[in-house]
Amino acid sequence: MADNSKTEDTASDSLEAAKNATNKKEKLADQVMQNPQVLASLQERLDNTSLTPSSYIETFPKAVIRRIDALKKLQVKCAHIEAKFYEEVHDLERKYAALYQPLFDKRREFINGEAEPTDAESEWHSENEDEEKLAGDLKNAVVIDEKAEETNVKGIPDFWFTIFRNVDMLSELVQEYDEPILKHLQDIKVKFSEPGQPMSFSLEFHFGPNDYFSNSVLTKTYKMKSEPDKTDPFSFEGPEIVDCEGCTIDWKKGKNVTVKTIKKKQKHKGRGTVRTITKQVPNDSFFNFFSPIKVSGDGESLDEDSEFTLAADFEIGHFFRERIVPRAVLYFTGEAIEDDDNFEEDEEGEEEELEGEEEGEEEEDAESDPKV
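All values derive from a computational prediction rather than experimental measurement. (Residues numbered from 1 in each chain as written. Predicted model: local features only at pLDDT ≥ 70, side-chain atom pairs only at ≥ 80, totals over all residues. Heavy atoms only, no water.)

(A) Fine view of helix 3 (residues 62-111). Along its 50 residues, helix 3 runs 69 Å from first to last C-alpha, staying within 8% of the 74 Å computed at 1.5 Å per residue. The largest bend in helix 3 is about 35°, located at Tyr-100, with the proline Pro-102 one to four residues further on. Looking only at helix 3, the buried set comprises Ala-79, Ala-83, His-90, Arg-94, Ala-97, Phe-104, Arg-107, Arg-108 and Ile-111. Summarising the contacts, the buried residues of helix 3 are in contact with helix 7 (159-166), strand 1 (185-192), strand 2 (200-207) and helix 11 (328-333). Immediately beyond the C-terminal end of helix 3, within one or two residues, lies Gly-113, with a positive phi of roughly 75°. (Helix = DSSP H or I, 4+ residues; strand = E, 2+ residues; numbered from the N terminus. Expected span 1.5 Å × (residues − 1). Bend = angle between axes of the 7 residues up to and from the residue. Buried < 20%, exposed > 50% of the residue type's maximum accessible area, 1.4 Å probe, protein only. Contact = heavy atoms within 4.5 Å.)

Next comes the structure, spelled out in structure tokens:
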């Protein structure tokens, strides 16, 4: 009996000791979790884990990581092949630009009244037959003095200026005092860099004689790069504009719209006399387009405003090259703008429709739930 009593006492002591140890651990854990530094450290580790989607890769065996590194090296080689592909695309653009040019030259002649289209050249079938019938009825009902019309109207008046007004991206740049100058714009051309030269393209703005400047052509050249960045090769997505150069506009006296003259009063500190001085300051104008911000060649970074201005400049240059020059007549009539607007509206409509479907599903679920 004594032995049994001793055994029970020992077991009881062990249970008590285990219980005390557990209580101490719980108290210690509570104290640790109440420590702000410990909690901050744990939270930081959790945040870092959640913000690193590929963190699980670090758990792979070294042999697997080694194979992944090999894949990355292959990816860099793919990027360099892609860069060569875009260089050849640039060569193709230059080749086909030469094929387009005779058509663009004829377009210029029609716009500026240098030539008249033949009946065959001007024959155009509208998609809307009712409109054609109405136009025919009006033509028969109204007597048109064609000779007087030919005398008064030359070519297509204000063709390029109308495009500037129609396209929001361009109209935002045009000031009221720019408008009389842009009415003298006769043509816009795109020229690609020659074989063997660094990748670039130039925009040529051809002007007729005017009272504002003596240049017949204003140019803007965009320099491009088609090679992966050495420090971040995986970011390569094709050629990008990296810099641009404008030209000097030879303004006639008192006609420079890119500057304005202001009068300022200055008071002499000692004598107290006041004098008025005149000073020229920059002025908003489309023609600042030909005096772009220069990208620093010594590695210095631009401030945020300058970077934004330069990015907008690159976007405008690209838009002239890809959209305005190749499809000028459609931007003049507004058809290209309507197409762009319809595309944007369709996207918004799809989003709204999807949102409506989701809301409908939620309402149906709510109605079918007997707990509600």
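(B) Representation of the layout of surface pockets within the structure. Roughly 510 Å³ of volume is contained in the second largest pocket. In terms of lining, the second largest pocket is formed by 19 residues, of which the most central are Leu-173, Thr-309, Ala-312, Asp-313 and Ile-316. Per-class residue counts for the lining of the second largest pocket are 10 nonpolar, five polar and four charged. (1 Å grid on protein atoms, 1.4 Å probe; cavity = no way out; pocket = protein on both sides within 12 Å on 5 of 7 lines; lining within 4 Å. Points joined across faces, edges and corners; volume = space filled by probe spheres on them. Nonpolar A, V, L, I, M, F, W, Y, C, P; charged D, E, K, R; others polar.)

(C) The arrangement of the pattern of salt bridges in detail. Taken as a whole and assessed by the stated rule, the structure comprises 13 salt bridges. For the salt bridge of Lys-84 with Glu-87, the shortest nitrogen-to-oxygen distance reads 3.9 Å. You can see Lys-84 and its partner Glu-87 sitting in helix 3, three residues apart, about one turn around the helix. Owing to a relative accessible area of 52%, Lys-84 belongs among the exposed residues under this scheme. Judged by its relative accessible area of 32%, Glu-87 falls in the partly exposed class. Linked by salt bridges that have partners in common, Lys-223, Asp-243, Glu-245 and Lys-294 make up one network. (Salt bridge = Lys/Arg side-chain N within 4 Å of Asp/Glu carboxyl O.)

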